[in-house]
Every structure is written in C-alpha cells, then in structure tokens.
Amino acid sequence: MAADAPVPPQQRMHTPDSELVALILDYVSDRLAIPETPLDHPGQKAEVDAILDGLVTREGMDPARVLEIYADHLSKTVLSADSPRYWAFIPSAPTKASLLFDMVVSAASLQGISWLEAAGAVAAENQALRWIADAAGLPVGAGGAFVSGGSAGNLSALVVARDTARHRLVARDGEQARHRRLRFAVSDQAHSSVRNTLSIIDVDPFVITTADHRFTGDALRAALEADSDPDSIVAVVATSGTTNAGIIDDLLGVGTVARERGMWFHVDGAYGGAGLFAPSVRDRYAGIELADSFVVDPHKWLFAPYDCAALLYREPRLAKAVHTQDASYLDAIHHDDGSYEWNPTDYAYHLTRRARGLPLWFSLVVNGTDAYTEAIEHSITLAQQVAREIDAAEHLELLREPTLGMVLFRRVGWTAADYDTWCARLLRDQVAFITSTSWEGETVGRFSFIHPATTLEMLREVLATTA
Ligand SMILES: Cc1ncc(COP(=O)(O)O)c(C=O)c1O
C-alpha cells in the first residue's frame, strides 16, 4: 500500500490514533479534576431520543463531535452516584486511583476467566479478596472471585448452597432425595436479590419474621423447632447491613444454629460488609467467620468503580464442583498436573469476565488500608452526627439509632407527597439527591452515606429545608 493511501475502514478502527487518545484522556482528566461531582438531572425520553436520533451512520462521525454530544447532553441526564450530595439508594465513591486503573483494565482487554490467560491479574485480584477474607476471619483456604454485583454474588453462592445440600442429602438418603423440595431460611428483611435468587434456583423461602428488623439465632431456632419438616431447610441467609436501615443481623447466633444443623450459612454484606474494616463497629460482625459464603460490594462502600462484588467461599472446592463449565474447548484452562491453577470462572455462574477486582486492588495497594478504614468510619460518624441533629429538631424524629451509614427519620406531619416534593426540590436545586423509603408501613426520609467528602454542613443545609 502506498504511504499516503487512505487506511481502509476495517483497519482504521484498530489503528493507533493519538488524537483520539488525547481527546478521551483530556475528557477523563477534566472529569477527575472536578472538585465536587455535580448531581445533574434525570432525563426525559423525548429529550435523549432527540439527541441520539440519526447518530449511527454508515460512515461514522467525528469523535470530537460525538464526545461533545455525550459530555454536553447525555452525561447531564445521568445522576452522579459519586457526588458527595447523592444520598439515595446506595451511593458510590470510587477513589481516583481505582477509576484510573479501571481505564488500564479496559485498555488491556484482560480476559479474567482463567489463570492461563491472566495469571498476574488473577493473583492481584486474589490478594484483594484475601484482604477481605482476613477481615472476615475466614480460613486461609477461603477464596472466590469478583462478580458484577451483590445480586450476582448471592445467586452464585446460593446455587452452591443448594447443590451442596442436595449432594449431601442424596449421599445420606439415596436417589429419592434428588427431587425433594428444599427450603432456605431468610429473614423478612433480606435484600430483594435474595428472594429473586430463590425463585431462579427453584428453592422455597422459609421466611423468618424479625422482631425489630434484625434476624437473630433465637428466631431462627424457634422457627426451625416449630416447623414440621426442618430437614428440608438446608441453608440460611443473613444480612450484614440491611439496605434500608443498615442493620447487621445476629451473625453469631444465626451462624451457630446453621453449624449445629449442618445448614449452609451465607452472609449478604453487599452494602454493609465494608464495615468489617471499621474498628468502631467490627464487634457487631461477630460470627461472620462462620460463613460458608460471603458477599461484599466494593462498588458500594469499598470505593471501587462499578461493577464489582467480592464473592468468597469458606471451601472454594465446593463452588468449583458446581460452577466449573465442562466444555472441550476449555480443557486447556484446567490442569490435572498439580500446577497452580485458580480460575475465577469456576466460582460463579459466569465464564468471560472483566478482571473487575483490579481497580480495587490498585487503589488498595496505592492508598493503604488505613485510608479505607478512615473513609468508612467517616460515614458511620456522619450518620451519628446527623442523628443528633435530628434529635435536636422538634419537627424531626429519628426512627432508629444508626449502626452504619443509613439514617431513617420522620418529618412530623409530612405525607408521602410532601417527601416527594421535598426530594424533587432538592434535586432541582442540586442540593442533594434523596429518595424516601418505607418503614413499618409509613413513608419516611432516608439518608445513605458512602462518600468521604459528604460533610455535616451539607446535611445541615438539607435538614434546614425541612423546617
Ligand atoms: C444487602 C444487599 N444485597 C444485595 C444487593 C444487590 O447488590 P447489586 O446491586 O450490586 O447487585 C444490595 C444492593 O443494594 C444490597 O444492599
């Protein structure tokens, strides 16, 4: 080809392009330099449809123009979960180091399935998993994989719980046990993804009604004793940090009952598992070391970018027996020769996977564990400070003493519509993004804190608007 011949389109896409690199890196660099990420606004369908109309063409478009459309229009209709004023649902607050390393992971096209394809990346991810396993007091043999979120983690773990239990029942009772209906004990406060999981894996929920929203060993024991077929209840799910109120279940009590009865003990710490690194609340997690499986989302309170959940098993071989995919083209990733092998694909329902634990790993190594502890403690302290402000205001009522970073409160005299109006106004004015929740049948206010840059002054500004 002549030196000045145009590059054919099919090659153009893969040809190094320094202008495109500079364009994107400049955007990223500006974004990372914003001192306080703006909340921005929800988008209307007609508005985003109009922006997108006709953009996909045969010839393609100038990247600078496309980036401009994204930056000036599309990105403005995306609420920034990493704004320190975002206190709805569960916010996110990825560290700068983790965001930047996410780009490295993207640029490297890491295939995080197997040791064969990504040994160094898998080993680094496992170092981060080990940090979490140590905090939970899980044994040296514990391990797992990073998956896309708490829902994926719960599903992957509970499939292992089901199949392991089924296997044991068949070994004990013979083939007729293969078709027996199984049940898992879950509290009425378990996350919706746990209920969805049970439906997906065709296991019946054995729902324990909690007193005061906290699942205890005593409640589990009493419910099992009152049941006519407790043998069919083969696993139990506890939550270490409920999503609505941040309540940590009685892990020691529930785990002890699970041990006594040979039930699988799963702990869903998708939101609150990060509190393990906060000395001020660590004792509330007593019993987590009994878990057979445990999930915590670094994309929530461990300051990693979306999407990243850490899934750990006490005995990873049990997960491997369930999740390993058997296909001749994959034989090469499995060795029987005793050489070291850790294939993340073997520990969840996935095959192809992004090495999504690496941004956490990089940030952890760069920033050190103390920075994580302090950042997590910040939200716990803030929740307590806000609780005291609420106590001091006559028109506000604290609904429960916060344990982690969630605060539930009532504005005396407000209806659901009043909360909606208040939340909409705060978002319109870019003061805060808050959504109400439901608590014991009533619509109430809820703050959810993750971001270490959220300040008490911001909260005071918002509380003042309830007067
Ligand atoms: C306790 C708990 N479990 C599971 C999930 C689901 O996690 P994800 O949204 O990462 O799938 C959440 C999400 O908020 C949660 O709080």
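Structure shown above.
Here goes a summary of the coordinates provided. All of these numbers come straight from a predicted model, not from anything done at the bench.

Read across the open sheet, the 7 strands follow the order E1-E7-E6-E5-E4-E2-E3; overall the sheet is mixed. The sheet is open, and its two borders are formed by strand E1 (143–147) and strand E3 (204–208), each paired with just one other strand. Neighbour to neighbour, the strand axes of the sheet diverge by 20° on average, direction disregarded. Judged from the 4 bridges that link them, strand E5 (residues 264–269) and strand E6 (residues 293–296) form a sheet pairing that is parallel. Across the sheet, His-266 pairs through a bridge with Ser-293, a residue of E6. Lying on the sheet, helix H9 (residues 217–226) is in contact with strand E2 (183–187), E3 and strand E4 (233–239); it crosses E3 at an angle near 120°.

Here Ile-390 shows up in helix H14 (residues 369–392). Each C-alpha atom of the pair Ile-390 and Trp-87 lies 16 Å from the other, and the pair is 303 residues apart in sequence. Not counting the four nearest positions on each side in its chain, Ile-390 is found in contact with Leu-396, Leu-398 and Phe-409.

Moving on to the nonpolar core. Most often, soluble globular proteins keep nonpolar side chains buried together rather than apart. Ranked by internal contacts, the top residues of the largest apolar core, which has 109 residues, are Phe-184, Ala-235, Val-236, Ala-309, Leu-311 and Leu-312. Here this core spans two domains, and each of domain 2 (103–368) and domain 3 (370–464) adds at least three residues to it. Aside from chain neighbours lying at most four places away, what touches Leu-312 is Leu-129, Ile-132, Ala-133, Leu-138, Ala-142, Gly-143, Gly-144, Ser-293 and Phe-294.

By the criterion of burial, strand E9 (residues 406–411) is predominantly enclosed, with 5 of the 6 residues buried. Direction of pairing for strand E8 (residues 396–398) relative to E9: antiparallel, over a ladder of 3 bridges. The residue bridging Glu-397 from the neighbouring strand is Arg-410, located in E9. The sheet contact formed by E9 and strand E11 (residues 442–448) spans 4 bridges and is antiparallel. Among the inter-strand pairings, Leu-408 is bridged to a residue of E11, identified as Arg-446.

This next bit is on the site of the ligand. Around the ligand sit 13 residues, and of these Gly-149, Gly-150, Ser-151, His-191 and Ala-270 come closest. In the shell around the ligand, the residues fall into 4 nonpolar, 7 polar and 2 charged.

A cis geometry characterises the amide bond from Tyr-306 onward to Asp-307, with omega recorded as -5°. Among the secondary structure elements, Asp-307 is positioned in the loop between helix H11 (298–301) and strand E7 (309–313). Non-glycine residue Phe-89 carries a positive phi angle of around 40°. Along the chain, Phe-89 turns up in the loop between helix H4 (63–72) and helix H5 (96–108). Backbone geometry at Ser-109 places phi at a positive 45°, although glycine is not the residue there. Position of Ser-109 among the secondary structure elements: in the loop between H5 and helix H6 (115–136).

Rules used throughout
Residues numbered from 1 in each chain as written. Predicted model: local features only at pLDDT ≥ 70, side-chain atom pairs only at ≥ 80, totals over all residues. Pairing = 2+ DSSP bridges. Helix = DSSP H or I, 4+ residues; strand = E, 2+ residues; numbered from the N terminus. Axes fitted to C-alpha atoms, helices over the stretch in contact; angles between N-to-C directions. Contact = placed C-beta atoms within 7 Å. Core = buried A, V, L, I, M, F, W, Y, C linked by C-beta atoms within 7 Å. Buried ≥ 20, exposed ≤ 12 C-beta atoms within 10 Å, placed from the backbone. Domains from an automatic or database assignment. Near = placed C-beta within 6 Å. Nonpolar A, V, L, I, M, F, W, Y, C, P; charged D, E, K, R; others polar.

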